[in-house]
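Listed below are the residues making up each chain.
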Amino acid sequence: MTIRPRRLRANNQIRSLVRETELSINDLIYPLFLVEGSNVKKEISTLPGCYHFSVDVLKEEIEELTKLGIKAVILFGVPDKKDEVGSEAYRENGIVQKGIREIKRLTKDIMVITDVCMCQYTDHGHCGIIEESKVNNDSTLEYLTKIAVSHAKAGADMVAPSDMMDGRVMAIRRGLDENRFENVSIMSYSAKYASAFYGPFRAAAHSTPQFGDRRTYQMDPCNSDEAIRETELDIMEGADIVMVKPALSYLDIIRRIKDNFNVPIVAYNVSGEYAMIKSAVKAGLVDEKAIVIEKITSMKRAGADIIITYYAKELAKWIKEAD
Ligand code: PBG
């Protein structure tokens, strides 16, 4: 007698009955890039379909996201001024702080997460304070804490440190708690690799390091045990949600973290993963909708609970159509 797994694939109804992984709009986070100035909505050349927004024109975008049912955004600031210590990053009227206040004024339905990092704000483009030509871990912690607290003061619901300094989650948690922001959560970029997949983002955020690279703080793509160690530390230090970044080449890491811990995991479907598909679509090589759904599904199947993706808006439409 032949064992026939094909029976459960015979038609749409049976396939949907046995489907193990399904995408939901509830799990999507959309990245927004904020710039100074007014009346700016400019397409980002390296991230087609994504824009630089000035705060005054966010209304339309927020309305669109609300209509699509997207419930969370992550904000990245692209400041006009950079300096050695990234002081625009923690200024009360910095670009992200203004953006948080504006989104909070516009809607209660969208949760505001902020990227906490310094590379867009420092003139050297590194994610920390430089001392003797190196990124100094412990002096950076002070600044990261100031940035996180300033975001919380402006009304952020969640802060997401992406710098990969040691001890930053604990420092930020302490800073938030001391300032009575005990209800602001931390989504930590726990296993963040030194990846070539960030290229299009760095062009969009003007955050390319001016010397060296990020390999003394971001993780070596060759390592997997180390991702467990980093994640374990972040959870111990108080992270509410942990992240694997990039997503697509690191599905094994997502799975290992899922099997080892019991906190929500977010996968960051990064700029290079997005831009590569966009260019393949433009060249007529792949079916955009099918390939994006397959790719994002693979991240969920690997164990991600939440996905940050530049495709969130298109995905929301596709998920709605399929319902
Ligand atoms: C800031 C930061 C980066 C990304 C998110 N936060 C760039 C980097 O670490 O160089 C990358 C996101 C993407 O590629 O989509 N540290």
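Just so you know, these numbers come straight off a predicted model, no measurement behind them.

With that settled, consider a positive patch on the surface. On the surface, Arg4, Arg6, Arg7 and Arg9 cluster together into a positively charged patch. You can see Arg9 is positioned in the segment before helix 1 (12–18).

Time to look at the pattern of salt bridges. Scanning the model with the defined rule gives 19 salt bridges in all. The salt bridge partner of Arg215 is Asp213, with a shortest N-O separation of 3.0 Å. Look at Arg215 and you get exposed, because its relative accessible area is 63%. According to the relative accessible area criterion, Asp213 is partly exposed, its value standing at 34%. For the salt bridge of Lys278 with Glu314, the shortest nitrogen-to-oxygen distance reads 3.1 Å. Highlighted residues: Lys278 in helix 9 (residues 271–282) and Glu314 in helix 11 (residues 312–322), separated in sequence by 36 residues. Given the relative accessible area of 15%, Lys278 is considered buried. Given the relative accessible area of 21%, Glu314 is considered partly exposed. Connected through salt bridges with shared partners, the residues Glu61, Glu64 and Lys313 form a single ionic network.

What follows concerns helix 5 (residues 168–178). Residues spaced three or four apart along an α-helix face the same direction, because each turn holds 3.6 residues. When helix 5 is considered as a whole, its buried residues turn out to be Arg168, Val169, Ala171, Ile172, Arg173, Gly175 and Leu176. Turning to helix 5, the residues buried within the fold contact strand 5 (111–116), helix 4 (137–154), strand 8 (158–161), strand 9 (185–192) and helix 7 (225–237). Count one or two residues on from helix 5 and you reach Arg180, which has phi positive near 65°.

Ranked by internal contacts, the top residues of the largest apolar core, which has 109 residues, are Leu32, Phe33, Leu75, Leu176, Met187 and Ile257. Per-element accounting of this core gives the leading share, 8 residues, to helix 4. Aside from chain neighbours lying at most four places away, what touches Leu176 is Ala148, Val149, Ala152, Val159, Phe181, Glu182, Val184 and Ile186.

The subject of this paragraph is the site of the ligand. In the region of the ligand, 19 residues are neighbours, and Lys192, Arg202, Lys245, Ser271 and Tyr310 sit closest. One nitrogen or oxygen atom from the side chain of Lys245 is found 3.4 Å from a nitrogen atom belonging to the ligand. Within the contact set of the ligand, an oxygen atom lies 2.6 Å away from a side-chain nitrogen or oxygen of Tyr310. Relative to its unbound accessible surface of 400 Å², the ligand loses 100% to contact with the protein. A per-class count over the shell around the ligand returns 11 nonpolar, 3 polar and 5 charged.

Thresholds applied
Residues numbered from 1 in each chain as written. Predicted model: local features only at pLDDT ≥ 70, side-chain atom pairs only at ≥ 80, totals over all residues. Heavy atoms only, no water. Patch = residues over 30% accessible without salt bridge, like charges linked within 9 Å, V, L, I, M, F, W, Y side chains within 5 Å. Areas by Shrake-Rupley, 256 points an atom, 1.4 Å probe, with all protein chains shown as cover. Salt bridge = Lys/Arg side-chain N within 4 Å of Asp/Glu carboxyl O. Lys, Arg positive; Asp, Glu negative; His and termini not counted. Charge placed at Lys NZ, Arg CZ, Asp CG, Glu CD. Helix = DSSP H or I, 4+ residues; strand = E, 2+ residues; numbered from the N terminus. Buried < 20%, exposed > 50% of the residue type's maximum accessible area, 1.4 Å probe, protein only. Contact = heavy atoms within 4.5 Å. Core = buried A, V, L, I, M, F, W, Y, C linked by side-chain atoms within 4.5 Å. Near = heavy atom within 4 Å. Polar contact = N/O pair within 3.5 Å; in protein donor to acceptor, adjacent residues only side chain to side chain. Nonpolar A, V, L, I, M, F, W, Y, C, P; charged D, E, K, R; others polar.

Limitation: the analysis is restricted to geometry and does not speak to function.
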